[in-house]
Amino acid sequence: MLTLSSSSSPSPFLIPLHLTSTKPPPMSSAAASRLDELKQFDETKLGVKGLVDAGITTIPSIFRHSHSLPLPSFPSSSTLIPIIDLSGPRWAVMEQIRSAASKFGFFQVVNHEVPMEVMERVVEAVRGFNESDAEVRKGYYKRAMGDGFGYSTNVDLYLSKAASWRDTVQVRLGPVMAQLDAIPEILRNEVVEWDREVKKFGEHLMELMCEGLGVSPQMLKEMSCLEGRTMAAHYYPYCPEPDQTIGLASHTDPGVLTVLLQDQVGGLQVLYEGEWLDVKPVPGALVINIGDILQIISNDEYKSGEHRVLANPFQTPRVSIAVFLNPSNREGLFGPLLELVSPEKPALYRQFTLADFMKRFFTKELDGKSLINFYRND
C-alpha cells in the first residue's frame, strides 16, 4: 500500500554519485591502488569514449572482470521475449502484458503511437553529444546532479568490483525538469520532446498494467508512479576486449517501470530460468521492463527482470535511452497493495519508505535482486 503525503522531492531516482557511507575500514594496498586507478580515470573526464579515442587495444585493469563473458549473439531463443502489438483489442493487449510481466518481467511493444521521427531524433542527439569534441564533453562531466543533469562513467564506479564499458548521460525529467541551460544544447529540445512522449505513453501503459492486476486503472498514477521520471542515456563504444568486461552489470531496476529505446546494435540480455536471452532490436519498438517496486506492490504477480548489457564488439557504438517511471513521494509507505493480499496469499514484503529504498540502492553496486530480497518477509 501507499500512504500519500505532501512530501515529495524533485526526483528520488536521480543517481546521487556523491553519496558516501560511514567511514570505511582501512584498505589493503591492492584496494588502495585500484582506488587510485579509478580516480585517475575519472578525473580525465573523458569517459570510456576517451579511452577508445586514444586508440587503446587492451582495456585497463579496472574494467576487467574475473571471468570471461560472451559476445552478443541472437539465437532463436531471443524470440521468447514477447513482442506485443498495442493496436490490438484492449483486453487481448492487457492479457499479453500481464502474461509477459508475470513470466519475464520484460517485453517489447510496437504500434505504441510514439512517432518514429521523435525516437530517431533523441537517439541521434545522444549519439551526437557523446561524439562531440572531447573538451566540450569534459565541461559537462560530473557526478553530482544538483541542477538535474549529469554525465559520467558508471553510476557505481567506486562501489563495483569491476567497472563497465559505457558512459551515461542522466537527466531529471520530473516532477521538476532539470534546469534547461544545464542540458547541452545538442540534447535539450530532444530530451524535452522525448519526456513528453514517454509520459503520455507511460500513463497508457500503467493503466494496462493495473488492469492486468485487477485494480483500478488509475492506481499507479494516483500513487505518484508517473511523476518521478529520470532519463539515463547509455553510450557503449567499441570495446577491444569485449569478453573481458561488461557494458552494464546484471541487475534489476529499482523503480516501477522502465521504458527503453535501443538502437539496432544489440547486446541487451534478460535472465530467464537460468539462461541469458538476447532482446533482439526490433525497428520502431520500445522495450518495457518491470522494476522492483512494481514487483513488491503487485505482491509478486509481476516480476522485475534481471538484465545486463554485453560489451560492444562492433565498431558502431550502441545507444540506449531508458526512462524510469517511478514514484515521487519519498515518505509514503510502499508495500503490497491491499487488493492483492489475502489469507491465501499474504503480503510477501514488508512496508518501506521510498527514501530508505533508494538509499539502499545507491550505496551498493549493481547486483541481481539483492535489494528486493532485503524487503521480503521471512
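The residue numbers shown here count from 1 along each chain, following its written sequence. Per-residue local features of the predicted model are confined to residues with pLDDT of at least 70, and side-chain atom pairs are confined, for both listing and counting, to 80 or more; whole-chain, interface and lining totals are unaffected and use all residues. Only heavy atoms go into the side-chain values, all of them from the structure, while hydrogens and water stay out.

> I keep staring at the pairing of strand β4 (residues 167-172) and nothing clicks. Help me out?
Two faces, one strand: in a regular strand the side chains alternate between the faces of the sheet. Of all six residues in β4, six are buried, a share of seventy percent or more. Judged by which residues are buried, β4 turns out to be covered on both faces: Asp-167, Val-169 and Val-171 on one side and Thr-168, Gln-170 and Arg-172 on the other are all buried. Sheet topology places strand β3 (residues 149-152) next to β4; four bridges connect them, and they run antiparallel. Bridge pairing in β4 links Ser-152 to Thr-168. Strand pairing is assigned whenever DSSP identifies at least 2 bridges connecting the two strands. Labels follow the DSSP assignment, with helices taken as runs of H or I lasting at least four residues and strands as runs of E lasting at least two, numbered in each case from the N terminus. By the bridge criterion, six bridges tie β4 to strand β5 (residues 230-236) in an arrangement that is antiparallel. Among the inter-strand pairings, Thr-168 is bridged to a residue of β5, identified as His-234. Burial classes: relative accessible area under 20% of the type maximum marks a residue as buried, over 50% as exposed, and values in between as partly exposed (1.4 Å probe, protein chains only).

> Explanation requested: the side chain of Asp-195 in the structure shown.
Within the fold, Asp-195 resides in helix α6 (residues 185-213). What makes two residues a contact is simply this: any of their non-hydrogen atoms within 4.5 Å. Residues within four places of Asp-195 in sequence aside, it is in contact with Leu-173, Met-177 and Arg-229.

> When you look at the packing of aromatic side chains in this model, what are you seeing that I'm missing?
Given two aromatic rings, their pairing is described by the distance between the two centres and the angle made by the two planes. Here a pair means two rings of Phe, Tyr or Trp (six-membered ring of Trp) with centres within 6.5 Å. Their orientation is stacked below 30 degrees between planes, edge-to-face above 60, and tilted elsewhere. For the structure on display, the rule yields twelve aromatic pairs. Both rings, one in Phe-129 and one in Tyr-140, keep their centres 5.9 Å apart while their planes meet at 75 degrees; by these two values the pair is edge-to-face. Of this pair, Phe-129 sits in helix α4 (residues 116-130) while Tyr-140 sits in the loop between α5 (134-138) and β3, and the two are eleven residues apart along the sequence. Of the residues examined, Phe-129 reaches a relative accessible area of 2% and is grouped as buried. Its relative accessible area of 24% is what places Tyr-140 among the partly exposed residues. Plain terms: the ring middles of Tyr-140 and Phe-149 are 5.9 Å apart, the flat faces sit at 75 degrees to each other, and that makes the pair edge-to-face. Judged by relative accessible area, Phe-149 falls into the buried class, the value being 0%. One aromatic cluster is present, formed by Phe-129, Tyr-140, Tyr-141, Phe-149 and Tyr-151 through successive ring pairs. Taking the ring centre of Trp-276 as reference, the NZ or CZ of Arg-308 above it sits at 4.2 Å. Placement of a charge over a ring requires the Lys NZ or Arg CZ to be within 6 Å of the ring centre, with the centre-to-atom vector within 35 degrees of the ring normal. If you follow Arg-350 out to its NZ or CZ, it ends over the ring of Phe-374, 4.9 Å from the centre.

> I would appreciate a short explanation of the packing of α4 against α6 in the present structure.
The angle between the axes and the distance between the axes are what describe a pair of packed helices. For helices, the axis comes from a line fit to the C-alpha atoms of the stretch in contact; other axes are also lines fit to C-alpha atoms, and the angle between any two N-to-C directions lies between 0 and 180 degrees. As a packed pair, α4 and α6 sit with axes 9 Å apart at the nearest point and diverge in direction by 145 degrees. Crossing of α4 against α6: the hand is left-handed. Every residue of α6 that contacts α4 at Val-118, Met-119, Arg-121, Val-122, Ala-125, Val-126, Gly-128 and Phe-129 is listed here: Ile-186, Leu-187, Glu-190, Glu-193, Trp-194 and Glu-197. When residues are grouped by polarity, Ala, Val, Leu, Ile, Met, Phe, Trp, Tyr, Cys and Pro land in nonpolar, Asp, Glu, Lys and Arg in charged, and all others, Gly among them, in polar. Grouping the constituent residues of the contact of α4 with α6 by class yields nine nonpolar, one polar and four charged. Crossing handedness is read from the near helix: turned anticlockwise from the far helix by less than a right angle, it gives a left-handed crossing, and turned clockwise, a right-handed one.

> So what exactly am I meant to see when it comes to α4 here?
Each α-helix turn comprises 3.6 residues. Residues three or four places apart therefore point the same way. Expected span of a helix: the number of residues minus one, times 1.5 Å. When the terminal C-alpha atoms of α4 are compared, their 22 Å separation across 15 residues agrees well with the 21 Å that a helix rising 1.5 Å per residue should span. Every buried residue belonging to α4 is among Val-118, Met-119, Val-122, Val-123, Ala-125, Val-126, Arg-127, Phe-129 and Asn-130, and all of these are buried.

> Hey, could you run me through the sheet that holds strand β9 (residues 275-278) in this one?
Pairing between the strands of a sheet is mediated by backbone hydrogen bonds and can be parallel or antiparallel. Here four strands make up an open sheet; going across it, the order is β6-β11-β8-β9 and the pairing antiparallel. This sheet does not close on itself; its edge strands, each paired only once, are β6 (246-251) and β9. Neighbour-to-neighbour, the strand axes of the sheet open up by a mean angle of 30 degrees, direction not taken into account. Note that β6 and strand β11 (residues 307-310) share three bridges and pair antiparallel. For Leu-248, the partnering residue across the bridge sits in β11 and is Val-309.

> I tried to follow the sheet that holds strand β10 (residues 286-290) on my own but got confused; where do I start?
Taken in spatial order, the eight strands line up as β1-β2-β10-β7-β12-β5-β4-β3 in an open sheet, and their pairing is mixed. Each edge of the open sheet is held by one strand with a lone partner, namely β1 (83-85) and β3. Between one strand axis and the next, the sheet turns through 20 degrees on average, direction left out of account. Contacts from helix α3 (residues 90-103) reach β1, β2 (106-110) and β10 within the one sheet, and its direction differs from that of β1 by about 165 degrees. Of the strands in this sheet, β3, β4, β5, β7 (257-262), β10 and β12 (318-325) are in contact with α4, which crosses β12 at around 115 degrees.

> It is not clear to me how the environment of Met-219 should be interpreted in this structure. Could you clarify?
Here Met-219 is to be found in helix α7 (residues 219-222). For the pair Met-219 and Met-206, spaced 13 residues apart in the sequence, the C-alpha separation amounts to 8.5 Å. Look past the residues within four positions of Met-219 in its chain and what remains in contact with it is Cys-210, Leu-337 and Glu-339.

> I keep staring at the packing of α3 against α6 and nothing clicks. Help me out?
In contact at an axis separation of 9 Å, α3 and α6 are set at 75 degrees when each is read in the N-to-C sense. One finds that α3 runs roughly perpendicular with respect to α6. Judged by residue contacts, Arg-90, Val-93, Met-94, Ile-97, Arg-98 and Ala-101 of α3 engage His-204, Leu-205, Glu-207, Leu-208, Met-209, Glu-211 and Gly-212 from α6. Looking at the contact of α3 with α6, its residues break down into seven nonpolar, two polar and four charged. Each angle gets one of four labels, with under 35 degrees taken as roughly parallel, over 145 as roughly antiparallel, 65 to 115 as roughly perpendicular, and the rest as oblique.

> So what exactly am I meant to see when it comes to the pattern of salt bridges here?
Pairing between side chains becomes possible if they bear opposite charge and their charged atoms approach one another. Salt bridge, as applied in this entry: a Lys or Arg side-chain nitrogen positioned within 4 Å of an Asp or Glu carboxyl oxygen. All chains considered together, the criterion is met by 17 salt bridges. Here Arg-90 ties to Glu-207 by a salt bridge, and the two come within 3.4 Å at their closest N and O atoms. Separated by 117 residues along the polypeptide, Arg-90 in helix α3 and Glu-207 in helix α6 bring together distant segments of the chain. Within the structure, one salt-bridge network assembled from shared partners comprises Arg-90, Glu-207 and Glu-211.

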